[in-house]
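# What the coordinates show
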Amino acid sequence: MPSLHITTHGHVARVTLNRPEVRNAFNEDLIAELTAAFTELGQRADLRAIVLAAEGKAFCAGADLNWMKAMAGYSWDENHADATKLADMLWAIYSCPVPVIARVQGDVYAGGVGLVACADIVVAVDAAGFCLSEAKLGLLPATIGPYVVKALGEQASRRYFVTAERFTAAGAKALGLVHEVVAADALDAKVDELVAAVTANGPAAARACKQLVKDVASREITPELRDNTARRIADIRASDEGREGVQSFLTKSKPSWLTS
């Protein structure tokens, strides 16, 4: 894929934005490639983690200027069709059953913040800046909005959506968008550490944990939800992986997923 570099090593895939000359900004090609990549990788049973990374100084600067120029004359229907493709790309990342770890090596603007918000774990360098800059252009962060609000929280989103202020990696961590902030020379070690932590767990269990969070977040704790969660733990306890994991713990032996 011209705009992406995709590699797989063992049970880990790496998807790298490869448009450093335009700060990895979105255009229709990159959007299509990301959608296809995460759709295909999500269907691979052998994968246990995906690292989303970028080349160059910036992680993602939002929309490509030439792409924006092309859109300037779009009709409402053309704008809607174009935005739907972006929405589909974000959903492909967010709904990917494989845990996604974002490696943020530089600045993140506009739609790039949506990419980060769709990841399950985010590691950023301390020099990275974040900005939901759409309002400066007379626009709004609509398609990324559902994911960013989930990650930042409603109150912080109300501020940064309407001010379009830049905020730091430390600020992003305090708000919950970023999980770890490190120096640039420690970025890869921290990402590798988190990849190792994820891949050390039962593969089916890790996927089920990711889905569990999405399914129970913000839901009222009703009798139906309590029964649903009881059924989920019963399902995984009775599965081959669950039985093996418990038995390995009891006998102090390694389960098969640590030896394969």
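Bear in mind the structure is a predicted one, so any value in this text is a computation, not a measurement. (Residues numbered from 1 in each chain as written. Predicted model: local features only at pLDDT ≥ 70, side-chain atom pairs only at ≥ 80, totals over all residues. Heavy atoms only, no water.)

### Quick look at the sheet that holds strand β3 (residues 49-54)
Remark on secondary structure: sheet strands pair via backbone hydrogen bonds, oriented parallel or antiparallel. What counts, and what does not: Strand pairing follows a simple DSSP-based rule, namely that at least 2 bridges must link the two strands. In this description a helix means any DSSP run of H or I spanning at least four residues, a strand means any run of E spanning at least two, and both kinds are numbered starting from the N terminus. To get an axis, fit a line to the C-alpha atoms, keeping to the stretch in contact for a helix; angles then go from 0 to 180 degrees between the N-to-C directions. Whether two residues are in contact is decided by their heavy atoms: any pair within 4.5 Å suffices.
If you trace the six strands from one edge of the open sheet to the other, you get β1-β2-β3-β5-β7-β10, paired in mixed fashion. A strand with exactly one partner marks an edge of an open sheet, and here the two such strands are β1 (4-9) and β10 (180-182). Along the sheet, successive strands turn relative to each other by an average axial angle of 15°, direction set aside. For strand β2 (residues 12-17) and β3, the ladder comprises six bridges, and the chain directions are parallel. Among the inter-strand pairings, Val12 is bridged to a residue of β3, identified as Ala49. Contacts from helix α1 (residues 28-42) reach β1, β2, β3 and β5 (100-104) within the one sheet, and its direction differs from that of β2 by about 175°.

### A closer look at the nonpolar core
Burial of nonpolar side chains together is a common tendency in soluble globular proteins. Worth spelling out the cut-off: Take the buried Ala, Val, Leu, Ile, Met, Phe, Trp, Tyr and Cys residues and link them wherever side-chain atoms come within 4.5 Å; each set so joined is a nonpolar core. Burial classification: accessible surface area is computed with a 1.4 Å probe over protein chains only, and a residue below 20% of its type maximum counts as buried, one above 50% as exposed, and the rest as partly exposed.
Among the nonpolar cores identified, the biggest contains 68 residues, and Phe26, Leu34, Phe38, Val104, Leu115, Phe130 and Leu177 are the most heavily contacted of them. Contacts of Leu34, omitting those with residues within four sequence positions, involve Leu4, Val15, Leu17, Phe26, Leu52, Met89 and Leu115.

### A word on the packing of aromatic side chains
How we decide: Ring pairs shown here join Phe, Tyr and Trp side chains whose ring centres sit within 6.5 Å, with only the six-membered ring taken for Trp; geometry is labelled stacked below 30 degrees between planes, edge-to-face above 60, and tilted in between.
Summed over all chains, the structure comprises four aromatic pairs. A centroid spacing of 5.8 Å and a plane angle of 20° characterise the contact between Phe130 and Phe167, whose relative ring orientation is stacked. With Phe130 in strand β8 (residues 129-131) and Phe167 in strand β9 (residues 166-168), this residue pair connects regions lying 37 residues apart in the sequence. Each member of the pair, Phe130 together with Phe167, is buried. Geometrically, the ring pair formed by Tyr160 and Phe167 is tilted, given 4.5 Å between the ring centres and 40° between the ring planes. Tyr160 gets classed as buried once you look at its relative accessible area, which sits at 11%. By the ring-pair criterion, three or more aromatic residues cluster together here, those being Trp91, Tyr94 and Tyr147.

### Things to note about the environment of Val181
Summarising the element assignment, Val181 is placed in strand β10. Separated by 54 residues in sequence, Val181 and Ala127 place their C-alpha atoms 9.1 Å apart.

### A word on the side chain of Ser248
Note that Ser248 resides in helix α11 (residues 240-251). Given a relative accessible area of 7%, Ser248 falls into the buried group.

### Notes on a nonpolar patch on the surface
Rules: Residues enter patches when they are more than 30% accessible in relative terms and free of salt bridges; like-charged ones are connected within 9 Å and nonpolar ones (Val, Leu, Ile, Met, Phe, Trp, Tyr) within 5 Å. Only the protein chains shown count as cover for residues, and all accessible areas are computed by the Shrake-Rupley method using a 1.4 Å probe. We define a salt bridge as a contact between a side-chain nitrogen of Lys or Arg and a carboxyl oxygen of Asp or Glu at a distance within 4 Å.
A cluster of nonpolar residues, Val246, Phe249 and Leu250, forms a patch on the protein surface that exposes about 360 Å² of accessible area. Mapped onto the fold, Leu250 is located in helix α11. Take Leu250: its relative accessible area is 56%, and that puts it in the exposed class.

### Here we look at α11
Basically, it comes down to this: To estimate the expected span of a helix, subtract one from its residue number and multiply by 1.5 Å. Here the arc refers to the set of directions running from the helix axis out to each C-beta atom.
Its 12 residues place the ends of α11 16 Å apart at the C-alpha level, agreeing with the 16 Å of an ideal helix rising 1.5 Å per residue. Those residues of α11 lying buried are Glu241, Gly242 and Ser248. Around the axis of α11, the buried residues are gathered within 135° of arc, so they sit on the same side. In α11, the exposed residues that point more than 90 degrees away from the buried face are Asp240, Arg243 and Leu250. Close packing links the buried residues of α11 with α9 (203-216) and α10 (223-237).

### A closer look at the pairing of β3
Spelled out, the test is: Orient the strands so they point away from the viewer; a crossover is then right-handed if the path from the first strand over the helix to the second runs clockwise.
In terms of burial, β3 is largely enclosed, as six of its six residues are buried. Going residue by residue along β3, you find Ala49, Val51 and Ala53 tucked away on one face and Ile50, Leu52 and Ala54 tucked away on the opposite face as well. In this fold, β2 hands off to α1, which returns the chain to β3; that crossover is right-handed. Across three bridges, the pairing between β3 and β5 is parallel. Across the sheet, Val51 pairs through a bridge with Ile101, a residue of β5.

### Considering the environment of Ala54
Assignment of secondary structure puts Ala54 in strand β3. Residue Ala54 is classed as buried on the basis of its relative accessible area of 6%. Here the alpha-carbon distance between Ala54 and Arg23, two residues 31 residues apart in the chain, equals 9.1 Å. Discounting chain neighbours no more than four positions away, the residues touching Ala54 are Thr16, Leu17, Asn24, Phe59, Arg103 and Gln105.

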